[in-house]
Structure formats: structure tokens, C-alpha cells
Amino acid sequence: MAKDKETTTQSVGPKNPHAVGPKASKPKNFWKTVRRLASYMSVYIWGMVLVVILTILSSVFQVMTPAVLGQATTVIYKGFMTGVAQQKAGIQVDQFPIDFDKIKQIILIVFLMYIASAIFGFVQQFVMSRISQRTVYKLRRDLKAKMKRLPISYYDEHSNGDIMSRAINDMDNIAGTLQQSITQVVTSTVTFVGVLFMMFTISWQLTLIALATIPLSLIVIGFVAPASQKLFARQQKSLGLLNNQVEENYAGHVVVKSFNHERTALEKFDQENATLYKASWRAQMISGIIMPLMTLVNNLGYVFIAMFGGIQVANGGIALGNIQAFLQYMNQFSQPITQLANLANTIQATVASAERIFEVIDEPEMNNDPVDIPDIETDKKIILDHMDFGYADKPLLMEDYNLQVDPGEMVAIVGPTGAGKTTVINLLERFYDVKGGSIKLDGRDIRNMSREEVRQHYAMVLQDTWLFTGTIYDNLKYSNESASKEEILAAAKAAHVDSFVRQLPDGYDTVLNEEASNISQGQRQLITIARAFIADPEILILDEATSSVDTRTEVHIQHAMQRLLQNRTSFVVAHRLSTIRDADKIIVMNEGSIVETGNHEELMAKNGFYADLYNSQFAGNVAI
Amino acid sequence: MFKVVRGRLNIWQVVGSIMFMIVQVIASLYLPNITADIVNNGIAKGQTGYIVTAGMKMIFVSVLTVLASICNVFLASQASQGLGRNLRSDLFRKVLFFSHDEFDAFDTSSLTTRTTNDVMQIQNVIVMMLRMMIMAPILLVGAGFMAYQKNAAMTKIFIVVIPALVIVVGTVMYFAVPLFKAMQKKTDRLNLIFREGLTGVRVIRAFRQDDFEQNRFKGANDNYTNNAIKVYTIVAMMVPFITLIMSGTNIGITWLGSHYIANQSMQVGNLIAFMTYAMQILMSFMILSLIFVLIPRASASAARINEVLDKQSQIDTVAKPAKIKGEASLEFNDVNFRYLGAEKLALSNINFDMKKGQTLAIIGGTGSGKSTLINLIPRFYDSETGTVRINGTDVKALNTEDINHQVSLVPQEAVLFKGTIRSNMLYGRDDATDDDIWHALDIAQATEFVDDLDAKVEQGGDNFSGGQKQRLAIARALVKNASIYVFDDSFSALDFKTDLNLRTALKADPKINQSVVVIVGQRVSTVADADQILVLDNGKMVGLGTHQELKENNKTYQEIIESQIKGGK
């Protein structure tokens, strides 16, 4: 499952507020998804209102301060001009008559506004981080809860990588956007409108000059952004291809070397590497020139305002402080435009992410509708009664299949690799429901019980030795929470787990990590056997395959399996001749279907698929 | 960090981008100066003509700034991406030519991360450096100088402001960085539990532990969310504080400035210019503080990359390699082998001599040394004492490329490459015809699922089952014309019947008949019909002979039979 781990996206290039990233994927139904996401936040409606009000206030103060501070400059300038005039008039002036009281007053106001803006800004972020984190918390909780209600077929039809990417990347996108983007939209909009308003109040002529730069900005964004998106997409694609080559050739290092393919691999790599280089420096370049170009547009506006404004001040039409303020506004003017353009992209990507998560949440769930099949009195443990089965809409694999299993019997399931031996397990455990007929456990159709009730009767030991990240003790206890410590230790001893666990420095408190690099594969298998012991089930499902373990461990595993099988009804995916020969019933499978059923003698006498399979082990005319 | 960059970063591009950066900084520093002049000489004196000329000068300087910064971006992106390209290529080459010992020192996923993510980290830092970080000190010095020139006395405001800024940023980082690190851990835990829920879905449901899983996830989710809220609360404090410091600076400048103007020690226009310079100074401080975040991260990546690049190659190349000739044969003569730095011999006293047309089977438990033995044939490792001969020539006298032409290996784990069936088969021999390929697929029992040579093979062969991949890997090895074919436990993923058919077809093939076949197996049925069976136990050769001979007088072999036929006890 290693490949599922690399699902987190790699960030390419530095984060740059003006850079335009890869093109966002578009949501299918924007507003519907937004409404649904909003419904997750609806409990925080008052918090949201507060956030929006605070954001607006904070931005408004931020916008107003340059104008107020500009008044101070005007006062200084006025004093300065009076002083100069007095000097011209021949009056000796040591100190220009600047109105310091007025300035003090203005500065105090500005200072208070800044403080208020800072406090509002902080409170707004403080509240928003709680709202966004709690919202994502709920979303994550709901997605996880959904995982419990999805049928196994969903897991079989979707790759873990796909589900993980929704649970991680898409969730991260939403968290990030809720945290940042919503307030940014408000801030940018308020700033833009506010700045425009302030500019108008200072001088409508100068404002027109400022507005004239907007089309220029739009042209820059309009031309450069799509080009940049295209290049980023190309870079991303090339990077993906290159990373694939790296993974492939490293994973197949032995093969590459033993086939003398180092040079061809390098050649191919260098080719893709050169493509990546070309795409990525261009992407960097194009996204990098947006900022200087926007600055240029801004500076042009700035210059013209300085010029016209200056002339007006000189003519006495406008106060100097107002020009100072106006120039500061000019600097703030283009920022919200670029920011809003970027936000549009981010928000679109986020809604698409939310859509992918809701898609999972909306998947049909398992239902538990009872069927109209009456219970029967029987001493059979399991009855497969005229059973039909096939996956999803595919053709039926099993038709009208019948089998009766007495308590204590062992049923072997055999067949070549890929014959669909797990299908039988899927049906018994009710991971899938039959399409027709009935499976009866103690005479009762299993669809008339809850799935938990069915599974209470079973324990499984599979080839895939799944254990969770936790201590060995907790993993053992997993199958039966009410097991006492003595029972667990007894089971561990019976399954040959106790001896190696005691050699570990932390004993039963050893934490198994995900790759389980601290214990061997064979030891993992022994733990899964012990786990099944602790469940103490009536019916056992067992996959005998032991993959690459040393001879001693293998003997232990077989030994433990034997003990586990004693006095239990069992279904065994059999790989050992002894198991097959000793089985009370053998289900022979090929290409997904059951081809023969019977005991060893019956099947050999039939001289069919089973006999063929069995005899192939002794072919080569060597008697073993 | 420096070592990684040296020789891979185009110096001229770097120098060029720095030069243009300096031009850009000087030009942008000059702009407020012109604004000040407009106020001082134009507005205050009422000279409209001066304003227009100064305006023109500003436009010129703006255009110059943009041109310089475009040139800077152009060179910086080429330099940084070029560095990434060179670094990736060097790493890939190095790893590709690694011998087994060297490759084993790292694991595959770590090497992949080093070649991809770590290089990306370095590349990103270089972009930041060339485009922003270098600017910070230049801007700092330049703006400081200009501000000092405008009004020396007023620069004392920075004595208050800069420490305040440093303290705020430092304090926030001090508290936020450990929380950010913790957040990474908590994210990993959250993802881990979610992933385990997917991989273990059958076990979880079979043992009715869904609620346990939900609770486990809830714990991690609570933990993560609480930490995230803490982190963002701290970050939320930073922005208002910094804005406040910057705004405070402006207020301070206005207050102090008004007094200097009143004293006639400063002109009005210089007040506005000073404010701009002050903002530039504070900005460069902010950028500089970024270095403290980025550099440690990049140097960790650089260290990981250097570890790979510094690895020295072990197997010495043969000065005058001998040429392989003669009939196929494989001989081990008193071969002893020990892994690098190991105390115990991994193999001792291995002796056998196989002629063309013969099959050698090797059997033994895991850890008995089967794969180790196989690895000595293509000289993945060198024996400590004793000789391995291919077609009569000592492998130590041969270079690995020639050896690999003679030895065709199917490794334990089947590896396929992205492409088509054909491209994978041509990997064995690039001039193989379609007929050759079909023939090989036929022997490998792969024709039952392959009907088109152009069928796609996904990365890692993910669109095929384990058994199918194994058969394709066998076919690929058969496409190659070699003297020795080695199958390292390649048949265990196959069912008995396919295993048998494959071995029968292999025996019947005229090409294979002229070579030596080595089969490593776990099942007695797989090895039983070999000409010679070598029984390994704990690195020692405990038996060599036919199935009949071994069955009669070899204890280890009898035990193996016992365990497989009777199923334990």
C-alpha cells in the first residue's frame, strides 16, 4: 500500500501572491455545493456575521487612515508655506508656524484607528480559525462515518489512492480556503470599494487617471494568466512523467542493471528532464513577470497622479496631504484586483474539492432489508440454498449453487490463482449479498440478521495480515473486547506469539508501525492467528497461504492454524495437500465460478478440473 | 547546501540576475527621491514645468525597473530550474549506476524522495534567493542610505522600530514553529488512521470494530483540530502586530518630521520619501526573516542529496576485461561470501558445475541464502574467496555489461515498466521480432491473458495481477539470448498447473536447451525434476543431487518434503 502514501500534492515554485498557479479544476454544480458547504457552517452563523462585520470595519479603518494621516501632512505643509511666505515678506522665522496641536490630534485619531483595525483584524482571524477548523472537523467526521456505512463493493471499485486524495488533499483545500479566502474576499472587495471612494472624495479627476490603469491591469492579467496556467499545467505533467520514471527505475533497479539498460534509462530521463526544464523555467518566468508588469502599470498611474496632482497643488487646487494620501491609495489600488482574480481560482478549486467529498458522502449505503424467507429447523450450520451471485452488473458467476455444511466440518476452497476464491468469503461474511436464493446460518437467512450478528459467528485469518498501528496487546484484543488478560496470553501462547513477543524490548506493549518493520511478515501472520483465537468463533475462515517466511516460522504458522481449526466449522482457502485431502468438502473454483464440489475421493473419481489440478503437482514423473 | 549548488548552478546567470536585481533596487530607490523633488522643487515652488520633467524621469525609471526585473526573472528562473535539472540528472545517473551494496544502503522510496522532492526544495529556495532574498540586503542598505541622506536625525526611529519588529516576529516563530511541527505529526496520524480504515476494511468489519475505528479517528481529529486552532490563533496575532508596527512608524515619522520641518532642517517632500524608504527597510527585514525558515529546510534536503552523491562505488571495474566465449556453463568453486561489514559468512563452500542443457534448482527456507547465491552469478556482489565461472571464465575478469549479456535474470519481485507489452518485451532484447516475443510469451504461459502486443502496461504493471506480472517478467527474460537463465523464486506466484506447464515448455525449447537454467523455488514440486538440486540451510550447502538421491539421504530435504506434504504436524 506504499503507493497510497504519496497523495499529498507537491508545491511547485514559491508562493507568490501575484503568481497564477495551475488551472483549477472546475466544479460541476458550483452554487449547490457552496450552499451545502455553507450548511455545515450554519451553526456558526453569528460567528460568521461577526467575522464579516469585523473584517469590513478593519478594512474600512485601514482604508481611511492614509487620508487622515494625509491631513497631518497638509497641516505641516500649510505651516511650511506660511513660514516661507513670512520669510519672503522679510520676517525672521526660526520656527515655521506649524499647528502642532492639530497634528497631535490627527495623530491620536490615526493611532486609535490603527489599534482598532489591528484588534478587529485579530478577533476576526481568531473567530474564523475556530469556525473553519470546526467545520472541517465535522466534514472529516462525516466522511469517516460514511466509510462505516459504505458497502464493501465501494472499496473494491475505488482505489485507496483516490479515496485518500479526497480525504487529505481535498480536505486541506477546504480548510485553507475557509481559513483565508473568505475573509480575503471581503477584505479585497471592501478595500477596492473603499479606496475608490476615498480617491473620489479627494479628487475625481485624479481618480479617473487611476481608473484608466484598470484596463491595463486587466490586459496584463488576461494575457499572462492563461499563458502561465498553460505552462504550469505542462510543467506539472512533465514533472509527473519524470517522477514516474524515477520511481519505476529505482523500483526496478535490479532489472535495469541486469538487462544493461542504464544508458537507455538515462537517455529517456534526460530527455524528459530537458522538457521539464524548458516548461518549468518558462512557467517560472511568466508567473514571475506578472508582478513587475502590474507594478509598472501601477507606477504609470502613480507618475501621472504625481504630475497632475503636483500641478494642482502648485495651483492651490488640492492639498498636499491629499496627494500624499492619494499616492498611497494608488499603491493599494491594484492589489485587490489581482487578489480577487487569484481568489476566483482558489474558490473554484475548493468548491470542486468539496464536490468530490460530497460525492463520497452521497454514495448509496448498505441497506439491511429483511427478505421473505422463513427460518427453518436444521442441524446444518450453513446452507447455501439455490444461490445466485455475480458482482454489480456483471454476469452471474454462480448460479443455483447448493451446499450444506455440518457443524465442525472443514470446507476447502481450491483453484488456480485469480480463480475468485475470496468470493465465497465475501458471501459468508455478508460483504456482498447474494443475487438469488439464500445463505442460511443455523437455518436463518443471513439477510434477516444484522451484519454484526452474522459476523459474530465468524473469525478470519487472511493472507493480508492487516494490523492497526497500536500495541500488540491492543491488536490481539481487537477481535474480542471482553477477553481477559489470561485469555489473551493463553491465545498468544497457542499461536506461538508469546515467545517472540517476550523477546521484544517492550513485549506486548510494542507498537506496531504501519510498515510493521519491527516484526517479520510471518510474525504478523501469527498475531492474526492469535487474534482469531481470542475471538473464539464458531466458524473460521482461513487463508492458508504463507508468503515468504522462514521454515521455522512456517512450521509455527501451520501448527497454530491446526490448533485453531480444531472443533470448529471452517472454510479454508487451501494451499496444502494435506488440508485438501482431509477436507470434508472441497469447493473447486476457476475463473470466478464454482466448477466442482465434493470430497477428495468423489472429485478424483470425477476426473475433471480438480483431478487435473491435483495431478499437476506430481507431473514430471517424479513421485514425491 | 553550497556543495550541492557548486558546479550545477550557472554562475553567469546568477551574476547576471544579481546585477539586474541591483539595477532594479537602485531604480526603485530612486523613485521616492523624484517624488520628493516634485514636492520640494515643483509643488512648493510652483514650477509646473519641473513637475512634468520629473514625471518623465519617473516613467523612464519605472520602465527601467520593469526591464531589469524581467531580466532578473528570466535569468533567475533559468538558473534555478537549470540547477534542478542538473541535480536530478546527476542523482539519477548516480543511483542508476549504483551497485547492489550501495543501493541497499538506502531504500527505494527514500531515493525517490531525494531525487524528486529534495531537489524541488533546493530549486525553490534558489528561486526565492535570486528573486527576493538577495534583494533584501541590497534594499536594506540602499533604503537605509537614502533615508539617512534625507534626514540623518530621523533614522533614530529605526532604533525603536526594528527591534520591535524582530521581537514580534521572533516571538511568534518561537511559539508557532513547534506547533507547526506538531501539526505535521498530527496530520500524519490522521491520515494513517484513515488509510488503515481503507486497507483493513474487511478485517475491521469481520471483527465488528467499526465503532472502535470511528473513535480512534475522532481522537486524532480532536487532537489535530485543537492544535490547528492554536497555531492559527498565534498566526492571527502576527499580522495585526506587524501592521501596527509599520503604521506606528508612519505616525512617528509624521510627528518627528513636523518638528524638523518647523526647524527648517528638513524639506516637506523628504517626509513623504522618508516614509517610503522606511517601509522598504521594514519589508526587507521581513524577507530576511524568511531565510531563517527556508535555509534549514533546504540544507536538510541538501544533506540528503549529498549522502547519495558522495557514495563511492564498490565493485572495481576490470581494467582489461576478458571476453566470454564457449558453451554455456556455470560453475561455483568453493565460493564464500559475506555482506559488507557482516561478521558471519552469508554463503560458505558452495560448489557445483552445471553444463549446457542442465537445470539447477535451489531450495531452502527464507534466509538460507538462496537469493544471495543467485546475486553472485551476474556479479551483483563479488565472492570473498572461491570463483564463479560463466562459460568457463571467472566473473571477476569480466565487466558487468558483458556478464549481463550472458545472464538473464527474473528477480523475485516482478517489475514491469510503463509502456506496452511489446516495449517491455523489447527490454529483454531490443532487436527481438514479434515472433520472438510471442514465442517467449507462449513459454511463459502468458498468451492466455495477452492477445495484443500493444496492450498498455501501467506504471509498475498495476493493471496485471501478481501472477500475470510474474509471467510477463519471465517472458521478458526469455526474449533475451543468454547462456544462463536465472529464475529467483519466480514460480511461487503461479498455481501448480501453470507452474508445471511453464517448466515443461521451458524444457522443450531449443534455445533454452543450449543454456543453463537456475531455478530458485520453495515448493518441492517445482524443483523435483531438476538435474541437480542444491539444498541450502543457513548459508551452507547441505546437499546437492537429484530429487531421488536427496529424498533418500538428505535430512534437510526430507524435512522440507515433510512440511509440504503433511502440512505441519
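Per an unreviewed UniProt entry, chain A goes by the name Multidrug ABC transporter ATPase permease and belongs to Companilactobacillus versmoldensis DSM 14857 = KCTC 3814.

### Focus: the overall build of chain B
A count of helices and strands for chain B gives 20 helices and twelve strands. Against the 2.2 N^0.38 benchmark of 25 Å for 569 residues, chain B shows a C-alpha radius of gyration of 36 Å, more extended than a compact globule. Viewed in the frame of its principal axes, chain B has a C-alpha envelope of about 115 × 65 × 50 Å. A buried classification covers 47% of the 569 residues belonging to chain B. Put simply, 78% of the contacts in chain B that link residues at least 6 apart link residues at least 24 apart.

### A closer look at the overall build of chain A
Within chain A one finds 19 helices and twelve strands. Here the C-alpha atoms of chain A give a radius of gyration of 37 Å, more than 25% beyond the 25 Å that 2.2 N^0.38 yields for 624 residues. Seen through its C-alpha atoms, chain A measures out along the principal axes to roughly 130 × 60 × 50 Å. Buried positions account for 44% of the 624 residues belonging to chain A.

### Thoughts on the domain arrangement of chain A
Per the domain assignment, the segments making up chain A are domain 1 (26–202 + 338–366), domain 2 (204–317) and domain 3 (407–428 + 456–618). For domain 2 of chain A versus domain 3 of chain A, the separation of C-alpha centres amounts to 57 Å.

### Notes on the environment of B:Ala36
Residue and element names in this part refer to chain B. Examined against the element boundaries, alanine 36 turns out to sit in helix 2 (residues 11–43). As a C-alpha pair, alanine 36 and lysine 356 span 320 residues in sequence and 94 Å in three-dimensional space. Look past the residues within four positions of alanine 36 in its chain and what remains in contact with it is Gly269, Asn270, Ile272 and Ala273.

### Focus on the nonpolar core
In terms of nonpolar packing, the biggest core is built from 242 residues, with A:Ile305, A:Phe326, B:Ala475, B:Ile484, B:Val486 and B:Val518 touching the most fellow members. Ranked by residues supplied to this core, first place goes to helix 8 (residues 262–314) of chain A with 23 residues. Aside from chain neighbours lying at most four places away, what touches A:Ile305 is A:Leu206, A:Ile209, A:Ala210, A:Phe326, A:Leu327 and A:Met330. In this structure, A:Met410, A:Ile557, A:Ala574 and A:Ile580 belong to the second largest nonpolar core, which totals 76 residues.

### As for the UniProt feature "domain: ABC transmembrane type-1" (unreviewed entry) in chain A
UniProt records the feature "domain: ABC transmembrane type-1" (unreviewed entry) at residues 49–349 of chain A, using the numbering of this structure. Helix makes up 92% of residues 49–349 of chain A and strand makes up 0%, while its end C-alpha atoms are separated by 24 Å.

### Observations concerning the sheet that holds strand 6 (residues 458–461) of chain A
Residue and element names in this part refer to chain A. Spatial ordering of the open sheet is given by 6-9-10-3-11-12, a layout of six strands whose pairing is mixed. Every other strand in the sheet has two partners, leaving strand 6 and strand 12 (593–598) as the edge strands with one partner each. Each neighbouring strand pair of the sheet contributes to a mean axis angle of 15°, computed without reference to strand direction. Its contacts with the sheet put helix 10 (residues 421–428) on strand 3 (410–414), strand 6, strand 9 (539–543), strand 10 (569–573) and strand 11 (585–590), and the angle it makes with strand 10 is roughly 150°.

### Observations regarding the packing of helix 2 (residues 45–88) of chain A against helix 3 (residues 100–149) of chain A
Residue and element names in this part refer to chain A. Interaxial distance between helix 2 and helix 3 falls to 8 Å at its minimum, and their mutual angle equals 160°. On the basis of the axis angle, helix 2 is roughly antiparallel to helix 3. Remark: the crossing between helix 2 and helix 3 carries left-handed chirality. Here the contact of helix 2 with helix 3 is composed, by residue class, of 24 nonpolar, nine polar and one charged.

### Points about helix 8 of chain A
Taking 1.5 Å per residue as the helical rise, helix 8 of chain A with its 53 residues ought to reach 78 Å, and the 76 Å between its terminal C-alpha atoms agrees with that figure. One or two residues past the end of helix 8 of chain A sits A:Gly316, with phi positive at roughly 80°.

### Remarks on the interface of chain A and chain B
Counting residues at the interface gives 129 residues for chain A and 128 residues for chain B. Per-element accounting of the side of chain A that touches chain B gives the leading share, 26 residues, to helix 8 of chain A. Of the residues in the side of chain A that touches chain B, the class split is 68 nonpolar, 43 polar and 18 charged.

### Considering the sheet that holds strand 2 (residues 398–405) of chain A
Hydrogen bonding along the main chain pairs the strands of a sheet, whether they run parallel or antiparallel. Residue and element names in this part refer to chain A. One open sheet accounts for four strands, arranged 2-1-4-5; its pairing is antiparallel. Edge strands, defined here as strands with exactly one partner in the open sheet, are strand 2 and strand 5 (444–445). In the sheet, strand 1 (residues 382–389) pairs with strand 2 via five bridges, with the strands oriented antiparallel. Across the sheet, the residue bridging to phenylalanine 389 is methionine 398, located in strand 2.

### Some remarks on the domain arrangement of chain B
Partitioning chain B into structural domains gives domain 1 (1–142 + 294–313), domain 2 (152–265) and domain 3 (329–566). Placing a centre on the C-alpha atoms of domain 1 of chain B and another on those of domain 3 of chain B gives a separation of 52 Å.

### Considering the environment of A:Thr422
All names here are of chain A. Counting through the fold element by element, threonine 422 comes out in helix 10. By the C-beta count within 10 Å, which is 18 here, threonine 422 ends up partly exposed. Separated by 121 residues in sequence, threonine 422 and aspartate 543 place their C-alpha atoms 9.3 Å apart.

### Describing the pairing of strand 10 (residues 516–521) of chain B
Here strand 10 of chain B lies mainly inside the structure; six of its six residues are buried. Side chains B:Val516, B:Val518 and B:Val520 project from strand 10 of chain B onto one buried face, and the interleaved B:Val517, B:Ile519 and B:Gly521 project onto a second face that is buried too.

### Observations regarding unusual backbone geometry
Phi is positive for A:His386, close to 45°, though the residue is something other than glycine. Checked against the element boundaries, A:His386 lands in strand 1.

### Observations regarding the pairing of strand 9 (residues 484–488) of chain B
Put simply, side chains in a regular strand alternate between the two faces of the sheet. All names here are of chain B. Here strand 9 lies mainly inside the structure; five of its five residues are buried. Of the two faces of strand 9, both are covered, the one formed by Ile484, Val486 and Asp488 as well as the one formed by Tyr485 and Phe487. Relative to strand 9, strand 6 (residues 407–410) is paired through four bridges, and the arrangement is parallel. Paired with valine 410 across the bridge in strand 9 is phenylalanine 487. In this structure, strand 9 lies alongside strand 10, joined through five bridges in parallel fashion. For valine 486, the partnering residue across the bridge sits in strand 10 and is valine 518.

### Considerations on the packing of helix 8 of chain A against helix 3 (residues 48–96) of chain B
Two numbers describe how helix 8 of chain A lies on helix 3 of chain B: the axes approach to 8 Å, and their chain directions differ by 165°. In this view, helix 8 of chain A runs roughly antiparallel relative to helix 3 of chain B, as classed from their interaxial angle. Judged by the twist between their axes, the crossing of helix 8 of chain A over helix 3 of chain B is right-handed. The residue inventory of the contact of helix 8 of chain A with helix 3 of chain B, partitioned by class, reads 27 nonpolar, 16 polar and five charged.

### Structural notes on helix 13 (residues 485–494) of chain A
All names here are of chain A. Considered for burial, the residues of helix 13 that qualify are Ile488, Ala491 and Ala492. For helix 13, the arc enclosing every buried residue in end-on projection is 100°, short of the 170-degree limit, so these residues lie on one face. Packed against the buried residues of helix 13 are helix 12 (472–477), helix 14 (497–503) and helix 15 (521–535). Of the residues flanking the end of helix 13, it is histidine 496, one or two places downstream, whose phi is positive at about 60°.

### Quick word on the confidence of the model for chain B
Residue and element names in this part refer to chain B. The predicted model of chain B has a mean per-residue pLDDT of 86, with 97% of residues at 70 or higher. Mean pLDDT per element in chain B: helix 20 (residues 555–566) is the minimum at 75, and helix 14 (residues 434–443) is the maximum at 93. Both scores are given for the predicted complex: the pTM is 0.76, the ipTM 0.82.

How each quantity is defined
- Residues numbered from 1 in each chain as written.
- Chains lettered and ligands numbered in written order.
- Predicted model: local features only at pLDDT ≥ 70, side-chain atom pairs only at ≥ 80, totals over all residues.
- Helix = DSSP H or I, 4+ residues; strand = E, 2+ residues; numbered from the N terminus.
- Rg over C-alpha atoms; globule rule 2.2 N^0.38 Å.
- Buried ≥ 20, exposed ≤ 12 C-beta atoms within 10 Å, placed from the backbone.
- Contact = placed C-beta atoms within 7 Å.
- Domains from an automatic or database assignment.
- Core = buried A, V, L, I, M, F, W, Y, C linked by C-beta atoms within 7 Å.
- UniProt positions renumbered as here; feature names shortened; annotations may be inferred.
- Pairing = 2+ DSSP bridges.
- Axes fitted to C-alpha atoms, helices over the stretch in contact; angles between N-to-C directions.
- Parallel < 35°, antiparallel > 145°, perpendicular 65-115°, else oblique.
- Left-handed = near helix turned anticlockwise from the far one by under 90°.
- Nonpolar A, V, L, I, M, F, W, Y, C, P; charged D, E, K, R; others polar.
- Expected span 1.5 Å × (residues − 1).
- Arc of directions from axis to C-beta.
- pLDDT = per-residue confidence, 0-100.

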